[in-house]
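Chains, contacts and geometry: an overview
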Amino acid sequence: MEHHLRRNLEINENIRPQALLQALSLIVNPSTSDSTLSSILKTLTLSLKNPNTNPFLSHHILRLFSLLFHHRLQLPHNLISTVREFSLLPSTSARSLADSLACLSISDINVNDESTFLSLVLRPCISVRHWLLLNASKFDIRPSVLLTVLLGFTKDPYPYIRGVALDGLAELCKCIVVEDESLIHGCYFRAVEFLFDSEDSVRCSAVRAVSACGQLIVASKQERSKRDWSDALFLQLCSMVRDMSVKVRIEVFSALGKIEIVSEYILLQTLSKKASSATKEMNFPGQYADKIFRIPASSASFAFLHGLEDEFSEVRESACRALQTLAILSADFTNEVVNFLMDVLNDDSTAVRLQALDTMHHVAMVGQLKVQQAHLHMFLGILLDSHSLIRCTARKVLKLTELPSLAMFKMCVDGLIRDFELYPQDETEVFSALFMVGQNHGKFLVSLINEVSQMVEPSSGGKLGYDNARKASYLVLATSAPVSMKQQTCSIPPRIFSYAVTLLGRITRSLAEIVDQRTLLTYLSYCSRFTFVSASEFFKVEKHLEGCDVQLIQRCEVISNYHIRRKLQLKEAESSLLDFQVEQNKEINCVNIILQAVIDIWPSLKLGLIDEVTRTLRNLKAELAMISDNNHSGELVFALLYIDALERLGHLCSHLMFSKEFYCHKWGKLDCSLGKLDRCLRDMRYKFIGLSKEDNVLILELIIANGILTLCKMEACADKTTLKKLHSVMSCIEHICGEGSTVSSSFVVEVQKSLSEIDTTSCPILDNPYLLLKSLEHFTPSKVVSSGSLKCMEAELHFQGNDFQNPLPFISGLPVGVSLDITLHNISSENRLWIKMSLEEKLTQFVFLDFHEFEGHNEVRKFTFVAPFYQTPRANCFSLKICIVLECMSDDDQLFRSCGGPNHEVAHLCEEKEVYFSVVVR
């Protein structure tokens, strides 16, 4: 091989490209031996050193070096040195130089030293200079030297060189220790100069550099000087809020939101429509114009007014986000911010309204939200917004809002009830908000309930009539009364609590994070027996209630601080989730927090924010993957599968639900996503032991959603198999709900209506695919609460001494046996397991595992099994992909139609392992 390549890489340039193609095919082939790759490496190195090598071929040789490093083996030190020497040659073209740098940057060997960087960065090639400045972190350069280089290139005549140099300064300031303050001051004022650059991209980079350098200066100062410099930084950035570039304005408000110390009089000036006389004479270090090198305090005037009233929604959103941090620095400023945010709630942009609510929620979490009665009408109007995520965030704000008067309390309750009447699907969240609002305003609550007590009484015919939204809401509100009164006496008539028992299931779903159904029933039963109930009395009686885990009072006493704690717990995963769940370990608590976050971000999908939803879901999966707890691996695996299923479902919904011509889609990737989602749901349904009825309903709802999306394919509509499966899954849900422990969701109800319409009309699903698709608008992921009792069925598969270079022998046409070391976890004798063996995806054979032949118990079984493969090909070599699968025993799954194999669909219990065979030479 080495001799063949050398011959092709010699002087004849017409043959060299063929040799390079041959080398490329060998490098990317996973079967190529290390000795062959070493020969290729040696030959290509000699060719690169050859001064007669065509520059075009040098470019491709360097690309092959990079492929070698990525795919097969680490490049030896002498080769790295060769590439480095090649990059330093004056004759090296700009294109080859860029490839050399890329090759050097991926090497673990430290040859990317300071001298290499300096010798290359001063070359006249602009693209190379840009690449080096952009990747300076990959070189071993002293911070002082790099700082000098970056400062020098801020004066480069090319805008994008200046921009990347300023970005380099910003990154450097985040990771260095200040030894010479004058040097950092010099960086800061150099960055300030470029706030007046003619290029938009340079000004954006300058804003980032000013922010980073300014923060470094502030951190190095003491007390009074720290505040002065922080004020100077804030004013310098405020001077840019009127910049002509939208991107610059967005960057400015983003930088303002990172400042943690600002004087109150400057903050108030940003929302004032008049310049304060007290600030007119005050000046700070900075640059206000080309030749004005002191920045006046009045430059902060109107800063956030301009941002909140900007013509571009992206700028308004950035300004609202910046206020999230700054609003908590001053009580007076907070009040002004809330007043202006109330106006922002009427913004045309959904993203801006959502960010304004999020900022208000942040303010409420630190206990500084004060809503005036004049503004309450405007805020309650947002509860009727058409977007569910807006309504959801508004309810979160109301849960933490302190209302100073009975009139405002009544307005708030009435607003929530109107939300429920207009959007019945919000019932769970509305009930939760009513409970929290009632618990936070005990005296107002008792007064209101006594006023409306006659309204919730049964009719003359004895009918309770609690399907009425207003009556049901008042009962939920009354439920929080004994808790809200704490040590005081609650004078609500006890019969009200007995009426609330009729809503037990609905209230339990709303308070799932606080109390279970059994505890709530005990609580309501006790309250209904006493005319005067107080939290302290109920607490004393709980120990006498045999068999009841009565902890509602202790739990509800911490509800008011619940949201604040939860914010902190997301940052400190080692702390407990809730006071009433301290007995649960921290890993399960973290899983529950992450799963709740999944539910919270799902409504963003309906706003078309699929990229944000996907990014968040992947981040949550990464957080789950970092939790390692062998005791609760079942919960972790289930949570990962659940998030993965929602991510795939979200992608499919975004492509199909919002397109009226979905038959025109190219079904390649979408069809693949449907298949992956189906396998994921199959794993969730069959691989876990200990699933509750709520978990089963959750999985079945996801299967229904997947089936509806599958019907978007024309062949699926024509086949009717998917439609039959939908009917079968719906029957399973009806059976579970018929037992009384769960209630059908609005999504299931809508699907049932659509299926009934299909069955009762002559219009087939193929003629009207939207009939079922529209029901997906009601789909909302159900909450999963990990209890720590889930077990996951898993398998481990091992075989020793086999790889591509050490194949097992076989005789063509005769059966062959494969000895497998198998370990099974949480597999009972009732499960049907198979060894699946696939030959190049064309031929699949199954071998049944009979547990009666093996020792071990249900939790762990270890044994060796020889799996026979009968249909060996007539070839010199072949490979088998082997794995262990679980047969999914269910009536609604499709039959497998495999000869001698499972009769139902299968779920993989381990990853596929590849076994190699080579024919016996006779």
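Residues numbered from 1 in each chain as written. Predicted model: local features only at pLDDT ≥ 70, side-chain atom pairs only at ≥ 80, totals over all residues. Heavy atoms only, no water.

Every α-helix carries 3.6 residues per turn, so stepping three or four residues along brings you back to the same face. In this model, helix 23 (residues 427-440) (14 residues) spans 20 Å end to end at C-alpha, consistent with the 20 Å of a helix rising 1.5 Å per residue. The element helix 23 is extensively covered by neighbouring structure, given that 11 of its 14 residues are classed as buried. What helix 23 keeps buried is the set Glu427, Val430, Phe431, Ser432, Ala433, Leu434, Phe435, Met436, Val437, Gly438 and Gln439. (Helix = DSSP H or I, 4+ residues; strand = E, 2+ residues; numbered from the N terminus. Expected span 1.5 Å × (residues − 1). Buried < 20%, exposed > 50% of the residue type's maximum accessible area, 1.4 Å probe, protein only.)

Next up on the list: the sheet that holds strand 10 (residues 860-869). Taking strand neighbours across the sheet as the criterion, the three strands line up as 5-7-10 in an open arrangement whose pairing is antiparallel. Of all the strands in the sheet, the pair left with one neighbour each is strand 5 (794-798) and strand 10. Strand-to-strand, the axes of this sheet are offset by a mean angle of 30 degrees, without reference to chain direction. Of the pairings in the sheet, the one linking strand 5 to strand 7 (residues 816-825) comprises five bridges and is antiparallel in character. Each bridged residue has a counterpart across the sheet, and for Leu797 the counterpart in strand 7 is Ile822. (Pairing = 2+ DSSP bridges. Axes fitted to C-alpha atoms, helices over the stretch in contact; angles between N-to-C directions.)

Turning to the packing of aromatic side chains, a few remarks are in order. Across all of its chains, the model carries 14 aromatic pairs by this definition. Relative to Phe848, the ring of Trp834 has its centre 5.1 Å away and its plane inclined at 65 degrees; by these criteria the two rings are edge-to-face. Taken as a pair, Trp834 in strand 8 (residues 833-839) and Phe848 in strand 9 (residues 843-849) lie far apart in primary sequence, 14 residues in all. Judged by its relative accessible area of 5%, Trp834 is buried. Taking the centre distance of 4.7 Å and the plane angle of 10 degrees together, the rings of Phe878 and Phe917 count as stacked. You can see Phe878 sitting in strand 11 (residues 877-887) and its partner Phe917 sitting in strand 13 (residues 913-919), a full 39 residues away along the chain. The residues Phe878 and Phe917 share a single accessibility class, namely buried. Among the aromatic residues, those joined into a cluster by ring pairs are Phe810, Phe869, Phe878 and Phe917. (Phe/Tyr/Trp six-rings, centres within 6.5 Å; stacked < 30°, edge-to-face > 60°.)

Turning our attention to the packing of helix 13 (residues 223-238) against helix 14 (residues 246-256). Contact geometry for helix 13 and helix 14: axes closest at 9 Å, N-to-C directions at 160 degrees. Taken as axis vectors, helix 13 and helix 14 run roughly antiparallel relative to one another. Seen along the crossing, helix 13 lies across helix 14 with a hand that is left-handed. Of the residues in helix 14, those in contact with Phe234, Leu237 and Cys238 of helix 13 are Val252, Ala255 and Leu256. Residue classes in the contact of helix 13 with helix 14 are distributed as six nonpolar, no polar and no charged. (Parallel < 35°, antiparallel > 145°, perpendicular 65-115°, else oblique. Left-handed = near helix turned anticlockwise from the far one by under 90°. Contact = heavy atoms within 4.5 Å. Nonpolar A, V, L, I, M, F, W, Y, C, P; charged D, E, K, R; others polar.)

It is worth spelling out a nonpolar patch on the surface at this point. On the surface, Leu21, Leu24 and Val28 cluster together into a nonpolar patch covering about 250 Å² of accessible area. Along the chain, Leu24 turns up in helix 2 (residues 16-28). The class for Leu24 is partly exposed, based on a relative accessible area of 32%. (Patch = residues over 30% accessible without salt bridge, like charges linked within 9 Å, V, L, I, M, F, W, Y side chains within 5 Å. Areas by Shrake-Rupley, 256 points an atom, 1.4 Å probe, with all protein chains shown as cover. Salt bridge = Lys/Arg side-chain N within 4 Å of Asp/Glu carboxyl O.)

A word on the pattern of salt bridges. Summed over all chains, the structure comprises 28 salt bridges. For Arg391, the salt bridge identified is with Asp419, shortest N-O distance 4.0 Å. With Arg391 in helix 21 (residues 388-399) and Asp419 in helix 22 (residues 406-422), this residue pair connects regions lying 28 residues apart in the sequence. Judged on exposure class, the residue Arg391 and its partner Asp419 are both buried. Arg395 is the partner of Glu429 in a salt bridge, and the nearest nitrogen-oxygen pair spans 2.5 Å. One end of the pair, Glu429, is in helix 23; the other, Arg395, is in helix 21, and 34 residues separate them in sequence. With relative accessibility at 2%, the residue Arg395 sits in the buried group. One continuous salt-bridge network, built from bridges that share partners, spans Arg391, Arg395, Asp419, Asp426 and Glu429.

As a further point, take the environment of Leu652. Tracing the backbone shows Leu652 in helix 35 (residues 633-656). For Leu652, a relative accessible area of 1% gives the class buried. Separated by 18 residues in the primary sequence, Leu652 and Leu670 place their C-alpha atoms 6.8 Å from one another.

Our next topic: the layout of surface pockets. Of the voids in this model, the second largest pocket is the one considered here, and its volume is about 570 Å³. Lining the second largest pocket are 22 residues; nearest its centre among them are Arg679, Asp683, Lys687, His908 and Cys910. Contributions of two or more residues to the lining of the second largest pocket are made by helix 35, helix 36 (667-686), strand 5 and strand 12 (906-908). Here the element with the most residues in the lining of the second largest pocket is helix 36; it accounts for five residues. Looking at the lining of the second largest pocket residue by residue, the classes come out as 12 nonpolar, one polar and nine charged. Both of domain 3 (580-775) and domain 4 (792-917) provide at least three residues apiece to the lining of the second largest pocket. (1 Å grid on protein atoms, 1.4 Å probe; cavity = no way out; pocket = protein on both sides within 12 Å on 5 of 7 lines; lining within 4 Å. Points joined across faces, edges and corners; volume = space filled by probe spheres on them. Domains from an automatic or database assignment.)

Function-wise, these values are silent; they only describe arrangement.
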